[in-house]
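One-letter residues, chain by chain:
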Amino acid sequence: MEKKRVLETKGLQIGYRLKGGEKNVVHEQLDLVLYAGEVTCLLGLNGAGKSTLLRTLCGFQPPLAGEVYLMGKRLADYSQMQFSLTVGVVLTEKTNAGGITVFDLVSLGRHPYTDFFGRLKPADREVIHAAMEAVGIAHKANRYVSELSDGERQKVMIAKTLAQECPVILLDEPTAFLDVSSRIEIMALLHTLAAGQKKAVLLSTHDLDLAIQMGDCLWLQQKERSMRCGAPEDLIMRGDFGRFFEKKGLSFDAVTGKLVADAPANPVGVDGDPLVVRWIENALLRNGFLPVAFGKGRVQITGLAPDRLQLHGLDGTVRTCTSVAALMAEIYRMKI
């Protein structure tokens, strides 16, 4: 089944107009597409122009050239009311709405549908409750926003955009202030909403691991390079990630999907239980050793169990360590 395009850019040039009419171009020739039912993650180093791109797609900042099309219609032709019925926006800033309840804040998403006085009809209240249920915050509807955790506040802001009943949601670093578990929870929530309600979700993020895990599509934005777009698996296997994060002393490991310090030249052979081997290798890399296939290092390690780590020394002796910490201490004593 063909995917539905909900937002497109054609020859888009983003940046700022300076005094005298000169242009400060951040990025140009952007041909991008957002699809219904997908989460798209925008990745870029600081200064790459992620926020500038999002502001342009939101209509908060005019493009320097090119066009943005929303549901097949030029963004510039939308009225403010039409835009609010189509796009929900969640910005990076922490929510400072402590004096109102969760229900009241989410109800602001119904503003485009209410009368001059903002009176809620029964149908509006149903939508608000459904939005709070969708993000798992309905049980705190009567709590003040000031009483919530950062993760709960972010859920409330997402519920507000759901109450708008818009097909597109744009978020600027929605997990920036959250702890690890809350970041995972918010990303999983956005993916569930996109797939279940057929919304197009675009978010900027610095969280590489979650973007690879949860993103249906990634946009890699980098200064003075063309934007690279596609499924994370395709971008990784094509080598786009390696080029994107290309930097002295740092490289992208296409096997683990992580950024790592450039591999040292001190090889240690490792074999054994896959889980044990995984974390032995992590410790070796952190301490300046290069994990290689068993038999190809100066010394060898056999990880039989978390508390049975055998170190095969240069002199043929075998030492058994009961922890990774003890294993690393023994390797250092050997001065390999």
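Note that the structure is a prediction, hence the values are computed from the model and not measured. (Residues numbered from 1 in each chain as written. Predicted model: local features only at pLDDT ≥ 70, side-chain atom pairs only at ≥ 80, totals over all residues. Heavy atoms only, no water.)

**With respect to the sheet that holds strand β4 (residues 39-44)**
Sheets are built from strands paired through backbone hydrogen bonds, the pairs being either parallel or antiparallel. Strands sit in the order β7-β8-β9-β4-β10-β11 across an open sheet of six strands; the sheet is mixed. Looking along the sheet, the strands with just one partner apiece sit at the ends: β7 (87-90) and β11 (228-230). Between one strand and the next, the sheet's axes are offset by a mean angle of 15 degrees, whatever the strand orientation. In the sheet, β4 pairs with strand β9 (residues 200-205) via five bridges, with the strands oriented parallel. When the bridges of β9 are listed, Cys-41 appears paired with Leu-203. (Pairing = 2+ DSSP bridges. Helix = DSSP H or I, 4+ residues; strand = E, 2+ residues; numbered from the N terminus. Axes fitted to C-alpha atoms, helices over the stretch in contact; angles between N-to-C directions.)

**Quick word on the nonpolar core**
Residues Val-106, Met-132, Ile-158, Leu-171, Val-201, Leu-203 and Phe-241 are the most contacted members of the largest nonpolar core, which totals 46 residues. Leave out the neighbours within four places in its chain, and Leu-203 touches Val-39, Thr-40, Cys-41, Leu-42, Leu-171, Pro-174, Met-187 and Leu-190. Core analysis: the second largest hydrophobic core is formed by 26 residues, Cys-58, Val-68, Leu-75 and Tyr-78 among them. (Core = buried A, V, L, I, M, F, W, Y, C linked by side-chain atoms within 4.5 Å. Buried < 20%, exposed > 50% of the residue type's maximum accessible area, 1.4 Å probe, protein only. Contact = heavy atoms within 4.5 Å.)

**With respect to the packing of aromatic side chains**
Evaluated as defined, the whole model comprises one aromatic pair. On the basis of an interplanar angle of 65 degrees and a centroid distance of 5.8 Å, the ring pair of Phe-289 and Tyr-332 is categorised as edge-to-face. With a gap of 43 residues between them, Phe-289 in the loop between α10 (274-286) and β15 (290-293) and Tyr-332 in helix α11 (residues 324-334) connect regions that are remote in the sequence. Owing to a relative accessible area of 4%, Phe-289 belongs among the buried residues under this scheme. (Phe/Tyr/Trp six-rings, centres within 6.5 Å; stacked < 30°, edge-to-face > 60°.)

**What to know about the pairing of strand β17 (residues 308-312)**
When strand β16 (residues 299-305) meets β17, the two strands line up antiparallel, connected through five bridges. Bridge assignment links Gly-303 to a residue of β17, and that residue is Leu-309. The antiparallel hairpin formed by β16 and β17 contains two residues in its connecting segment. Two strands pair when backbone bridges link them, and β17 and strand β18 (residues 318-321) are joined in this way by four bridges, in the antiparallel orientation. Residue Gln-310 lies in a different strand from β18, and its bridge partner there is Thr-320. Linking β17 back to β18 in an antiparallel pair, the connection comprises five residues, with Gly-316 at a positive phi of about 90 degrees.

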